[in-house]
Amino acid sequence: MLTLRLGCLTCRERRVKCDEASPACFHCERLSLKCEPAGEYVPRKEQKARKVKEARERPPKIIHAKTTTDGALISAQVGFGSVHYSTPSVFTHGLGADIAGNPPFPPPLEGDFLEAMFAPFSFYHPSPLSDMALESIGLLASLPTLRPLSEDEHRALDYYQKEIAFGFGSKSPAWSTHAILMKTARHSSAVLHLLLAACLAEMGWLSELFRPMLDRAGENYRLGRQLLESEITDSTADPLVIMASFWFLYLQQRRRATKFHMAYGELSRMMSDYFHKYQLHQILASAPEEEEEEATTQTGSAGVVCSADRKALLARLTSWLFWADVQSCFQGDGGSMARLLAQSTSPQGLLDLYETSRATLQLHWDGDYPDDELTDDLQNSSALELIHHTWVLVQEINDATTTTTTTVGESSLPIAMEAARARDIKTRMDALRRKYPISSVFRLASSPTRVRNRLMANADWAVANYYALRIYYFRCSLASDELGFAATAASSSPLTTNHASSPKPPRAAAAIAETVDETLLLIQKTLETGDRGQTDRMQWPLFWVGVETTDGFKQRCILGKLRNRELHDALQIVFLEQVGGARASIARIRQICQTACVTVPEPGLGVYGMEM
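Residues numbered from 1 in each chain as written. Predicted model: local features only at pLDDT ≥ 70, side-chain atom pairs only at ≥ 80, totals over all residues. Heavy atoms only, no water.

Asker: What is the right way to read the overall build of the chain from this model?
Answerer: Across its full length, the chain holds 25 helices and seven strands. In the chain, which comprises 612 residues, the proportion classed as buried is 53%. Counted over contacts in the chain with a minimum sequence separation of 6, partners at least 24 positions apart contribute 69%. Just so you have it, the chain exposes about 28300 Å², and 54% of that area is on carbon and sulfur atoms. (Helix = DSSP H or I, 4+ residues; strand = E, 2+ residues; numbered from the N terminus. Buried < 20%, exposed > 50% of the residue type's maximum accessible area, 1.4 Å probe, protein only. Contact = heavy atoms within 4.5 Å. Areas by Shrake-Rupley, 256 points an atom, 1.4 Å probe, with all protein chains shown as cover.)

Asker: Help me understand helix α7 (residues 213–231), please; the structure alone is not making it clear to me.
Answerer: Owing to its 3.6 residues per turn, the α-helix aligns residues three or four sequence positions apart on the same side. Its 19 residues place the ends of α7 27 Å apart at the C-alpha level, agreeing with the 27 Å of an ideal helix rising 1.5 Å per residue. Every buried residue of α7 is listed here: M213, L214, A217, G218, N220, Y221, G224, R225 and L228. Buried-residue contacts for α7 involve α4 (151–162), α6 (189–206), α8 (239–253) and α9 (264–278). (Expected span 1.5 Å × (residues − 1).)

Asker: Help me understand the packing of α9 against helix α12 (residues 336–344) in this model?
Answerer: How two helices pack is summed up by the angle between their axes together with the distance between the axes. Contact pair α9 / α12: the axes reach a minimum separation of 7 Å and the direction vectors enclose 35°. Packed against α9, whose contacting residues are S268, R269, M271, S272, F275 and H276, the element α12 presents S336, M337, L340 and L341 at the interface. Looking at the contact of α9 with α12 residue by residue, the classes come out as five nonpolar, four polar and one charged. (Axes fitted to C-alpha atoms, helices over the stretch in contact; angles between N-to-C directions. Nonpolar A, V, L, I, M, F, W, Y, C, P; charged D, E, K, R; others polar.)

Asker: Honestly, the pattern of salt bridges in this entry has me stumped. Any pointers?
Answerer: Note on pairing: side chains with opposite charge can pair once their charged atoms come close. Applying the stated rule across the entire model yields 32 salt bridges. R358 is the partner of E385 in a salt bridge, and the nearest nitrogen-oxygen pair spans 3.5 Å. Of the two residues, E385 is situated in helix α15 (residues 371–400) and R358 in the loop between α13 (347–357) and α14 (360–365); the sequence distance between them amounts to 27 residues. What makes E385 buried here is its relative accessible area of 8%. A salt bridge links D430 to R470; the nearest nitrogen and oxygen atoms lie 3.0 Å apart. (Salt bridge = Lys/Arg side-chain N within 4 Å of Asp/Glu carboxyl O.)

Asker: Please explain unusual backbone geometry as it appears in this structure.
Answerer: Negative phi is the rule for most residues except glycine; trans is the rule for most peptide bonds. In this structure, the amide linkage connecting S22 to the following residue, P23, adopts the cis form with an omega of 5°. With respect to the element layout, P23 can be found in the loop between α1 (9–14) and α2 (26–31). Residues other than glycine seldom take positive phi values, yet E20 does so here, at roughly 60°. Mapped onto the fold, E20 is located in the loop between α1 and α2. The phi dihedral of S32 is positive, around 55°, even though this residue is not glycine. Summarising the element assignment, S32 is placed in the loop between α2 and α3 (44–57).

Asker: Just to check I follow, could you spell out the nonpolar core for this structure?
Answerer: One recurring pattern in soluble globular proteins is that nonpolar side chains are buried together. Among the nonpolar cores identified, the biggest contains 137 residues, and F246, W247, F248, F322, F543 and W544 are the most heavily contacted of them. Per-element accounting of this core gives the leading share, 14 residues, to helix α18 (residues 454–477). Counting five residues, the second largest nonpolar core, distinct from the first, contains C8, C11, C25 and C28. (Core = buried A, V, L, I, M, F, W, Y, C linked by side-chain atoms within 4.5 Å.)

Asker: Whenever I open this one, the environment of S439 confuses me. Can you help?
Answerer: Position of S439 relative to the elements: it lies in helix α17 (residues 438–445). On the basis of relative accessibility, which here comes to 26%, the residue S439 falls in the partly exposed class. Put simply, S439 and L386 are 53 residues apart on the chain and 9.4 Å apart in space, counted from C-alpha to C-alpha. Each residue touching S439, except ones within four places of it in the same chain, is listed here: R433 and R434.

Asker: Hey, could you run me through the packing of aromatic side chains in this one?
Answerer: Pairs of aromatic rings are described using the distance from one ring centre to the other and the angle between the two planes. Here the structure, examined in full by the defined rule, presents 20 aromatic pairs. Each ring, one from W247 and one from Y250, has its centre 5.6 Å from the other, and the planes form 35°; the classification is tilted. Remark: Y250 and W247 occur in helix α8; sequence separation between them is three residues, near one turn of the helix. Taking relative accessible area as the criterion, W247 reaches 0% and is therefore assigned buried. Given a relative accessible area of 11%, Y250 falls into the buried group. Between F442 and Y466 the ring centres are 5.1 Å apart and the planes differ by 85°, which places this aromatic pair in the edge-to-face class. Taken together, the residues F442 in helix α17 and Y466 in helix α18 connect sequence positions 24 residues apart. Ring-pair connections join several aromatic residues into one group, and the members of that group are F330, W391, Y472, W540, F543 and W544. Between R255 and the ring centre of W205, over which it is positioned, the NZ or CZ distance is 3.8 Å. In this arrangement the basic side chain of R537 is found over the ring face of W461, its NZ or CZ atom lying 5.3 Å from the centre. (Phe/Tyr/Trp six-rings, centres within 6.5 Å; stacked < 30°, edge-to-face > 60°. Lys NZ or Arg CZ within 6 Å of the ring centre and 35° of its normal.)

Shown next, in the form of structure tokens:
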């Protein structure tokens, strides 16, 4: 007689062997999960028959046939939601295209797979929730779009689900924060249209073949922005929808690739007003130990109950937007949100923001989150913590060295950091390198291994950002009589014995020169991997290394790697002004950056209309 070993439902969903112990099996007891018996055994053949029967009983969804630009027909079948492509893939080369010309989507399937697509995307990464390969076209009938989606928008969704990370995340797309945001987009037209705008802008920026997508990006931007502006005034609006919209607005405008995009300064003020109105930052910055993670709920920004997993996701989006706004605060085209968070929240509160966001993925996926993904999160947490600490300190320096309108002759005078505040920032900056386990991140970054896995890539990103912080602090701490490269070089020379005339300790200039060399080697090693995301993450460190570099060959190499248009154009001007051997002051660098941000209206042109 055949004996069936069913196991519990939890183990079956996680695809692990169950010992069928009662009242709880070994795995459920070890992980404190709910152990539910499998119940009635249903053969696989009968399961499939039930799904087919349910699908036939539902009203069919019809997707009208469309013709592509090359005249090939895209046909849709009625019944199971399957869509068949007869068009060879013209997906962008280098963005996941099939060289053989095969369609970019998997073969059509039977059954109800619309829900399964969001839990999570199983066609890229094995998911415990579904063993079906999914196609993005079959999903479109249930998306909250204001108009039918074009073929380019189909491709943009497919690209988003398969590989896009926008240079911020390096997780597998199936288990990433962007996978969670796709679930939000399913229920919000504003988020969906802004997501499409960001994807289309990114694809059009990456490849000349897809420049026509930029027009579609502008259309989705206008639709998404109109919807967002109507929702943001509603006190009952979901804060997750608002924050996800902010995030995709930022991603859409950061390349400056489309004719229609929101100026970042306007976006920063909109975010600041929203946070200030509903005090969302005060809720998110509360220490994790102050609440019970499982049971406690809090009232969110617009009266919406905010559970632990939603709070963690909101904290993650806030952290990412804070990092971007800190850089924009220095450049002069934003910073409203960063200043609000820094001035109305204690430094520890800002650090707690990262602690709140740390468990975002685990809380969202709960028991379905794979053990290997959880282990990966724990391994990378120290590097990401260092990145967040670094941006918090950068914003403190921004606030401490804000330029004043007072003028002597024609030059603006920067406000020098107060001595006590400068010592506090330096003490905390030095302590970061000694803090364990953050100290291990520096060891990983110094490893000569050329093949960089995700852990090493995040360590490179974190350490490069930390070195940029040290260079930024050094530049802000220089007095007006210490701006000469020759002066600091002479003061740092071992042949110089009398340093009484130089208020800057000679070891400081020598240390910063070593930091510049270490950062250049680290960036070179990182960029050799060919990871596009790493190139995006290295833009801020590249800028500061360039500011402190006088070697012409190194300057050309740095400019060649700077893809951020504003930083690229600003650094060119800084190079010209430092030709005489004197460093540009922080006030002057900020003025140059601000000019670069407001004088680059057209894609492809640099500051003052210079060709890039």
